[in-house]
Amino acid sequence: MDEIIERIEKELRESGKKSSRTRRKVIEVFFSCGGHLSVEDLYREVKQRYPDIGYVTVYRTLKVLEELGYATSLDVGDGSTRFETALRQHHDHLICTVCGRIYEFFEPEIEVLQNLVARKNDFRILDHTLHIFGICKECQK
Ligand SMILES: [Zn+2]
Ligand SMILES: [Zn+2]
């Protein structure tokens, strides 16, 4: 964890971006939380530990992490963008449109089929996102 943060700080310096102690704190909280966080979610977490850190700093830090490829943004269809760490293993998402919960899954067969589709179309895959929208078990009750 510290190693990753060191690496990010080095990249921040090298790309001429500000690397402050405040920013480091935000990054630490982001990686320790995990999951799929909106800016508001992360801000809430940060606020609990460091009441002095403002919303704008949290927002900018997430944007910088995304630019550097350490965070991925997800459009979950409810108008709020979620961020998750890009250091995780690849996975796809089931998104509940009632409660907003996001479930992760990894299905090797789906991955294989996607590669097959790409090959059939002479397409070189760089990345893919699969979101399945619906109603989760809890919300169906
Ligand atoms: Zn639900
Ligand atoms: Zn995820």
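In this text, all values refer to a predicted model and were calculated from it rather than measured experimentally. (Residues numbered from 1 in each chain as written. Chains lettered and ligands numbered in written order. Predicted model: local features only at pLDDT ≥ 70, side-chain atom pairs only at ≥ 80, totals over all residues. Heavy atoms only, no water.)

Chemist: Describe the coordination of the zinc ion (ligand 1), listing the residues and the values that go with them.
Modeler: Listed as protein donors to the zinc ion (ligand 1) are Cys 96 (SG), Cys 99 (SG), Cys 136 (SG) and Cys 139 (SG); their distances from the metal cover 2.3 to 2.4 Å. If you look at the zinc ion (ligand 1), its 4 donor atoms make angles of 105 to 116° with each other, and the shape they trace is tetrahedral. Summarised as a motif, the one-chain spacing of the donors to the zinc ion (ligand 1) is C-x2-C-x36-C-x2-C. On the accessibility criterion, Cys 96 (2% relative accessible area) is buried. (Donors = N, O, S within 2.8 Å, 3.2 Å for Na, K, Ca; no water. Tetrahedral: all angles 85-135°; square planar, octahedral: opposite > 155°, others 65-115°. Buried < 20%, exposed > 50% of the residue type's maximum accessible area, 1.4 Å probe, protein only.)

Chemist: Go over the nonpolar core, please, and point to the residues and values.
Modeler: Counting 20 residues, the largest nonpolar core has Ile 8, Ile 27, Phe 30, Leu 42, Val 46, Val 58 and Leu 65 as the members making the most contacts within it. Elements supplying a minimum of two residues to this core: helix H1 (2-14), helix H2 (21-33), helix H3 (39-49) and helix H4 (55-67). Filtering out sequence-adjacent residues up to four positions away, Val 46 remains in contact with Val 26, Val 29, Ile 53 and Val 58. (Core = buried A, V, L, I, M, F, W, Y, C linked by side-chain atoms within 4.5 Å. Helix = DSSP H or I, 4+ residues; strand = E, 2+ residues; numbered from the N terminus. Contact = heavy atoms within 4.5 Å.)

Chemist: Explain the coordination of the zinc ion (ligand 2) residue by residue, including any values.
Modeler: Bound to the zinc ion (ligand 2) are the protein donor atoms His 36 (NE2), Glu 84 (OE), His 91 (NE2), His 93 (NE2) and Glu 104 (OE), situated 2.0 to 2.4 Å from the metal. Take Glu 84: its relative accessible area is 6%, and that puts it in the buried class.

Chemist: Could you give an account of H4, naming the residues involved and the relevant values?
Modeler: Taking 1.5 Å as the rise per residue, H4 with 13 residues should run 18 Å; its terminal C-alpha atoms sit 19 Å apart, in good agreement. Residues Val 58, Thr 61, Leu 62, Val 64 and Leu 65 constitute the buried set of H4. Viewed along the axis of H4, the buried residues span an arc of 160°, placing them on a single side of the element. Set apart from the buried face of H4 by more than 90 degrees, the exposed residues are Arg 60 and Glu 67. Buried-residue contacts for H4 involve H1, H2, H3, strand E1 (71-75) and strand E2 (81-85). Following H4 by one or two positions, Gly 69 adopts a phi angle in the positive range, close to 85°. (Expected span 1.5 Å × (residues − 1). Arc of directions from axis to C-beta.)

Chemist: Requested: an account of the packing of aromatic side chains, with residues and values cited.
Modeler: For the structure on display, the rule yields 2 aromatic pairs. Centre to centre, the rings of Phe 30 and Phe 31 are 5.3 Å apart; their planes meet at 65°, and the pair counts as edge-to-face. Across the pair, Phe 31 and Phe 30 agree in class, each one buried. Plain terms: the ring middles of Tyr 43 and Tyr 55 are 5.4 Å apart, the flat faces sit at 80° to each other, and that makes the pair edge-to-face. Residue Tyr 43 is found in helix H3, and its partner Tyr 55 is found in helix H4; the two are separated by 12 residues along the sequence. Overall, the relative accessible area of 34% leaves Tyr 55 in the partly exposed class. (Phe/Tyr/Trp six-rings, centres within 6.5 Å; stacked < 30°, edge-to-face > 60°.)

Chemist: Now, about the sheet that holds strand E3 (residues 92-96): what can you tell me, with residues and values included?
Modeler: Strand order in this open sheet of 3 strands is E4-E3-E5, and the pairing throughout is mixed. A single partner strand is all that each edge strand has here, and the edge strands are strand E4 (102-105) and strand E5 (131-134). The mean inter-strand angle of the sheet, taken between neighbouring strand axes irrespective of direction, is 20°. Bridging between E3 and E4 involves 4 bridges; their strand directions are antiparallel. Bridging from a neighbouring strand, His 93 pairs with Glu 104 of E4. (Pairing = 2+ DSSP bridges. Axes fitted to C-alpha atoms, helices over the stretch in contact; angles between N-to-C directions.)

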